[in-house]
Amino acid sequence: ASLAPGPAVPDEADYSTADLSEEERVEALAAGGEIFRTNCTACHNFAGAGGAMPRGGKAPSLHKTTNKHIYEAMLTGPGPMDNFS
């Protein structure tokens, strides 16, 4: 958002599960897994290891990516990635 209109940099409260009860955390992780399988596995594969894309592209591995970076990417849709704001 510092370069043009866009979403604000997320605060840790936007993506953290620290304030959730154990039951809420389990539900959030299950819902996140479903969202990942539906929207992300086509490019990042089911294990989040990345993979080949059309026209010589490559989706990066998510293994060493921070929660904040993933959340920002979902909001902005970097490169050929769609945004999921």
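Presented here is an overview of the structure given in this document. Bear in mind that the values here come from a model prediction, so they are computed numbers and not experimental data. (Residues numbered from 1 in each chain as written. Predicted model: local features only at pLDDT ≥ 70, side-chain atom pairs only at ≥ 80, totals over all residues. Heavy atoms only, no water.)

Side note on the overall build of the protein chain
Spelled out, the test is: The helix and strand labels rest on DSSP assignments: H or I over at least four residues marks a helix, E over at least two residues marks a strand, and numbering proceeds from the N terminus. The rule is simple: take the accessible area with a 1.4 Å probe, protein chains only, and divide by the maximum for that residue type; under 20% is buried, over 50% is exposed, in between is partly exposed. The criterion used for residue contact is that any of the two residues' heavy atoms lie within 4.5 Å. Residues scored as charged are limited to Lys and Arg (positive) and Asp and Glu (negative), so that His and the chain ends carry no count. Where a charge lies is defined by one atom per residue type, namely NZ (Lys), CZ (Arg), CG (Asp) and CD (Glu).
Helix and strand counts for the protein chain come out as four helices and two strands. Each of the three principal axes of the protein chain carries a C-alpha extent, and together these read 45 × 35 × 20 Å. Here the protein chain holds 85 residues, and the buried ones make up 13% of them. Here the analysis covers contacts within the protein chain between residues at least 6 apart in sequence; of these, 27% occur between residues at least 24 apart. One finds the centroid of the 6 positive side-chain charges in the protein chain at a distance of 15 Å from the centroid of its 11 negative side-chain charges.

Regarding unusual backbone geometry
For residues that are not glycine, phi is negative in most cases, and the peptide bond is trans in most cases. Positive phi values are uncommon outside glycine, yet Asn45 reaches one of about 65 degrees. Residue Asn45 is classed as partly exposed on the basis of its relative accessible area of 23%. In this structure, Arg55 is a non-glycine residue whose phi angle is positive, near 60 degrees. In this fold, Arg55 is placed in the loop between strand S1 (51–52) and strand S2 (58–59).

Brief notes about the side chain of His44
If you trace the backbone, His44 turns up in helix H3 (residues 41–44). Setting aside chain neighbours within four positions, we find His44 in contact with Phe36, Ala49, Gly50, Ala59, Pro60 and Leu62.

Concerning the pattern of salt bridges
Threshold: Salt bridges are counted wherever a side-chain nitrogen of Lys or Arg sits within 4 Å of a carboxyl oxygen of Asp or Glu.
This structure, assessed with the given rule, holds one salt bridge. Put simply, Glu22 and Arg25 hold a salt bridge, and the shortest N to O gap is 3.6 Å. Residue Glu22 and its partner Arg25 are both found in helix H2 (residues 22–39); the two are separated by three residues, about one turn of the helix.

Description of the packing of aromatic side chains
Which entries qualify depends on this criterion: Stacked, tilted and edge-to-face pairs are distinguished by plane angle, under 30 degrees for stacked and over 60 for edge-to-face with tilted covering the rest, among Phe, Tyr and Trp rings (Trp via its six-membered ring) whose centres lie within 6.5 Å.
Taken as a whole, this structure holds one aromatic pair when the rule is applied. The interplanar angle of 45 degrees and the centroid separation of 5.9 Å between the aromatic rings of Tyr15 and Tyr71 together place this pair among those described as tilted. With Tyr15 in helix H1 (residues 12–15) and Tyr71 in helix H4 (residues 67–76), this residue pair connects regions lying 56 residues apart in the sequence.

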